[in-house]
Amino acid sequence: MGRVRPLVALAWLAPALALILGVVLFPAVMLFQASRSEYSITGLRKGAAGWTNYTNVLEHPDLGTVLTNTVVWVVAVVALTIVISLGLAQFLVKSFPGRRFVRWAIIVPWAASLVITAQLFVLLYDYNYGLINHALKTLGIIDTSIDFLGDDSWTMASMVLVGVFVSLPFTIFVFIAGLNAIPDDVQEAAVVDGASPWQRWRRVTLPLLRPALLVATVLNVIYVFNSFPIVYTLNDRNPGYLHDTTITFMYKLAFKSQEKDVGMSAAAGVINVLLILLVVAVYLRIVNWREETK
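Every value quoted in this text rests on a predicted model; they were computed, and no experiment measured them.

Looking at the UniProt feature "transmembrane region" (unreviewed entry) in the protein
1) Next: Mapped onto this structure's residue numbering, the UniProt feature "transmembrane region" (unreviewed entry) falls at residues 71-92, 104-125, 154-177, 208-232 and 262-284.
2) Next: Counting secondary structure, residues 262-284 comes out at 100% helix and 0% strand; the distance between its end C-alpha atoms is 33 Å.

Structure follows, in structure tokens:
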């Protein structure tokens with residue numbers, strides 16, 4: 001193949017580079033600039049603030065609670081999503097009547113707006129009229145209604161359930177694609193060698209599914225970490241930061257808290273980006289280390 005001249009290559013890459021510059025780099029620069037600025041309560045820039053906003057965020061009394069919530073939220077949603085999706089994908093690659101309809105039905109939660117889905121679960125969780133409480137009472141599981149979104153002991157679990165529900169479709173189809181890419185002759189060879197179904201899944205299917213697992217885990221971590229509509233919609237009735245994650249913490253600092261500080265919110269946004277990059281980098285490093293040791 002012949003070499004492409006630099007100007008020709010630049011012309012082909014120009015649209016992508018312009019998109020990256022306008023959608024990623026420019027907002028990142030503006031966010032960092034805002035994080036080092038002081039703003040009035042109405043959002044007008046008053047001048048430079050140096051690193052004060054970062055200090056205020058790191059010294060915020062509720063930061064520890066927010067970080068703990070974020071870890072629980074991300075780990076619980078991603079882990080449950082991966083495990084459940086693996087099982088459902090194994091089922092959906094098999095041939096059975098109505099498989100196409102089931103696959104289409106699974107896409108619906110992914111296609112629907114997250115705000116609409118979260119608001120639907122607010123109605124389902126309702127203390128007085130929610131269908132979940134009604135069903136549990138009808139089955140005799142509970143005697144009195146559960147305040148899923150008002151009782152602190154139930155709020156995070158209720159949020160995690162919605163997070164898993166909206167994350168399943170994408171993850172299931174990633175695993176379906178990964179399973180369909182595994183050659184049939186590999187599975188047939190394992191059967192000939194006398195491997196049991198569990199051995200075939202553990203020693204053949206799972207290793208060959210590793211690229212799909214990597215993609216699904218990384219994208220779900222990023223997606224769940226930055227999931228604002230679900231956490232905010234389900235947690236809107238609760239004051240303070242008791243059930244907030246870093247993404248809603250950032251929003252409340254600017255618009256809902258007593259601080260109403262845009263500069264602090266921007267600093268929290270920068271910290272949020274650094275945290276997700278660190279988590280993804282650590283995960284990818286662990287995966288590479290495990291592969292190198294084999």
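There's plenty left to go through after this.
So, a nonpolar patch on the surface
1) Next: Together, Leu7, Leu10, Leu13, Leu17, Leu19, Ile20, Leu21, Val23, Val24 and Leu25 make up a nonpolar patch on the protein surface, roughly 990 Å² of accessible area in all.
2) Next: Mapped onto the fold, leucine 19 is located in helix H1 (residues 6-35).
3) Next: The class of leucine 19 is exposed, set by a relative accessible area of 55%.

Description of the pairing of strand E2 (residues 45-48)
1) Next: Note that strand E1 (residues 37-39) and E2 share three bridges and pair antiparallel. Each residue of the ladder has a partner; that of serine 37, found in E2, is alanine 48.

A word on the UniProt feature "domain: ABC transmembrane type-1" (unreviewed entry) in the protein
1) Next: When the UniProt feature table is mapped onto this chain, "domain: ABC transmembrane type-1" (unreviewed entry) is found at residues 67-283.
2) Next: Helix makes up 76% of residues 67-283 and strand makes up 0%, while its end C-alpha atoms are separated by 18 Å.

Observations concerning the side chain of serine 265
1) Next: Topologically, serine 265 is positioned in helix H13 (residues 262-292).
2) Next: With residues up to four places along the chain from it excluded, the contact list for serine 265 reads Met250, Tyr251, Leu253 and Ala254.

A word on the packing of helix H8 (residues 184-192) against helix H9 (residues 197-208)
Two quantities define a packed helix pair, namely the angle between the helix axes and the distance between the axes.
1) Next: Where H8 contacts H9, the two axes come as close as 10 Å, and the packing angle between them is 165 degrees. Classified by the angle their axes make, H8 and H9 are roughly antiparallel. By crossing handedness, the relation of H8 to H9 is classed as right-handed. Residues Val186, Gln187, Ala190 and Val191 of H8 lie in contact with H9, whose contacting residues are Arg200, Val204, Thr205 and Leu208.
2) Next: When the residues that make up the contact of H8 with H9 are grouped by side-chain class, the tally is five nonpolar, two polar and one charged.

How each quantity is defined
- Residues numbered from 1 in each chain as written.
- Predicted model: local features only at pLDDT ≥ 70, side-chain atom pairs only at ≥ 80, totals over all residues.
- Heavy atoms only, no water.
- UniProt positions renumbered as here; feature names shortened; annotations may be inferred.
- Helix = DSSP H or I, 4+ residues; strand = E, 2+ residues; numbered from the N terminus.
- Patch = residues over 30% accessible without salt bridge, like charges linked within 9 Å, V, L, I, M, F, W, Y side chains within 5 Å.
- Areas by Shrake-Rupley, 256 points an atom, 1.4 Å probe, with all protein chains shown as cover.
- Salt bridge = Lys/Arg side-chain N within 4 Å of Asp/Glu carboxyl O.
- Buried < 20%, exposed > 50% of the residue type's maximum accessible area, 1.4 Å probe, protein only.
- Pairing = 2+ DSSP bridges.
- Contact = heavy atoms within 4.5 Å.
- Axes fitted to C-alpha atoms, helices over the stretch in contact; angles between N-to-C directions.
- Parallel < 35°, antiparallel > 145°, perpendicular 65-115°, else oblique.
- Left-handed = near helix turned anticlockwise from the far one by under 90°.
- Nonpolar A, V, L, I, M, F, W, Y, C, P; charged D, E, K, R; others polar.

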